[in-house]
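Topology and contacts: notes
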Amino acid sequence: MKKAIYVVGVVIVIILAVVCYIFSTKENENEAVVLNIQELATKIQEQDVFDDTLEHIDKGTIIKNYGFTDEEIVDAVSYVSTGATSEEILVVEANDVNSVKAKIDTRISDRAEAFASYLPDEVYKLENPTLIIQNNYIILCVCKDSAKMNEYIENYIKDIREA
C-alpha cells in the first residue's frame, strides 16, 4: 500500500513539473518583445525580395498615406517604391493595433484596386503581403517573395526574444 502511494505521489510530481514547464514555455512565446522599428525596417529593405529601390518616407507622410492618427501610433517607419511597383515596407508601433491593422488592410485593398488598372502584374504582391502582428507592433512588407520575408521577420523576432 505504501509503495502504491509513493508511486502515485511521484507521478503527480512529474505531471505538475510537465504542466509548469508547458505554461512557462507558452508565457515566453507571448512575452512582450521590444523591436527597434527603424533597424527592422532597414534590415527588411536590405533583403533580396524587391524589384524596385525603396525610399524612406517621414512619419507625417506615413500618417497621411494610411490615415493614421497620432493617438493610434507611437511611431512608424516606412519605405515605399518609386511607383513602378507596389512594393513597400511599414513597421508600426501601435497604441491601437486593431484600428491600425484595419487602416493597413484598407490601404492594401485600395492599392490593389489602383494597380489592377495600370500595373496588373503588381497586384499579386498586394494580394499576398507579409503582415505580422507581434504584441503592439505591425509589420507589413509588400514584395515579390512574401514567404521568404515572413520567415525572415519571424526569425528576426525569435532572435530578439532569445537574446
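Note: the structure precedes this text.
In short, a report on the structure. (Residues numbered from 1 in each chain as written. Predicted model: local features only at pLDDT ≥ 70, side-chain atom pairs only at ≥ 80, totals over all residues. Heavy atoms only, no water.)

1. Observations regarding the pairing of strand 2 (residues 73-80)
Test applied: Here the term buried applies to any residue with accessible area under 20% of the maximum for its type, exposed to any over 50%, and partly exposed to those in between, with areas from a 1.4 Å probe on protein chains only. The numbering of helices and of strands both runs from the N terminus, where a helix is a DSSP run of H or I of at least 4 residues and a strand a run of E of at least 2. Note on pairing: two strands pair once DSSP finds at least 2 bridges between them.
The buried fraction of strand 2 is high, at 6 of 8 residues. Bridging between strand 1 (residues 55-57) and strand 2 involves 3 bridges; their strand directions are antiparallel. Looking at the pairing, I57 lines up with S78 of strand 2.

2. Examining the pattern of salt bridges
Selection rule: Between Lys or Arg on one side and Asp or Glu on the other, a salt bridge is scored when a side-chain nitrogen of the former is within 4 Å of a carboxyl oxygen of the latter.
Taken as a whole and assessed by the stated rule, the structure comprises 8 salt bridges. Here K125 makes a salt bridge to D51, at a shortest N to O gap of 2.9 Å. Remark: D51 occurs in the loop between helix 2 (37-45) and strand 1 and K125 occurs in helix 5 (residues 123-127); sequence separation between them is 74 residues. According to the relative accessible area criterion, K125 is buried, its value standing at 0%. Notably, a salt bridge pairs K103 with E72, separated by 2.9 Å at the nearest N-O pair. On the criterion of sequence distance, the pair formed by K103 in helix 4 (residues 97-118) and E72 in the loop between helix 3 (59-66) and strand 2 is long-range, its members being 31 residues apart. Judged by its relative accessible area of 25%, K103 falls in the partly exposed class. Beyond isolated ion pairs, a larger network of salt bridges with shared partners links D51, E87, E122, K125 and K144.

3. Things to note about unusual backbone geometry
With a phi close to 55°, N135 is a non-glycine residue in the positive phi region. Note that N135 resides in the loop between strand 4 (130-134) and strand 5 (137-142).

4. Here's the deal with the environment of K125
To keep it simple, the criterion reads: Here a polar contact is recorded for every N or O atom pair within 3.5 Å, except that within protein the pair must consist of a potential hydrogen donor and a potential acceptor, and residues adjacent in sequence are included only if both atoms are side-chain atoms.
A sequence separation of 40 residues divides K125 from T85, and the C-alpha atoms of the two residues are 9.2 Å apart. One polar contact links K125 to E87, side chain to side chain, over a distance of 2.9 Å.

5. Things to note about the side chain of E88
As a reminder, the rule being used: Any two residues whose heavy atoms approach within 4.5 Å are treated as being in contact.
By the secondary structure assignment, E88 is in strand 3 (residues 88-94). A polar atom in the side chain of E88 sits 2.3 Å from the side chain of Y66. Ignoring sequence-local partners within four residues, the contact set of E88 consists of Y66, Y79, V80, R107, R111, L140, C141 and V142.

6. Description of the environment of I63
Examined against the element boundaries, I63 turns out to sit in helix 3. With sequence-adjacent residues up to four places away left out, I63 is seen in contact with F68, D70 and I73.

7. Overview of the packing of aromatic side chains
This is how the line gets drawn: Stacked, tilted and edge-to-face pairs are distinguished by plane angle, under 30 degrees for stacked and over 60 for edge-to-face with tilted covering the rest, among Phe, Tyr and Trp rings (Trp via its six-membered ring) whose centres lie within 6.5 Å. A ring has a charge above it when a Lys NZ or an Arg CZ is no more than 6 Å from the ring centre and no more than 35 degrees off the ring normal.
Under the definition given, this model contains 2 aromatic pairs. Between the aromatic rings of Y66 and F68, the centroid separation amounts to 5.1 Å while the plane-to-plane angle is 10°, which identifies the pairing as stacked. Taking relative accessible area as the criterion, F68 reaches 4% and is therefore assigned buried. Residues F115 and Y118 carry aromatic rings whose centres are separated by 5.1 Å and whose planes lie at 25° to one another, so their mutual orientation is stacked. Note that F115 and Y118 are positioned in helix 4 at a spacing of 3 residues, about one turn of the helix. Its end group placed over the ring of Y66, R107 keeps NZ or CZ at 4.8 Å from the ring centre.

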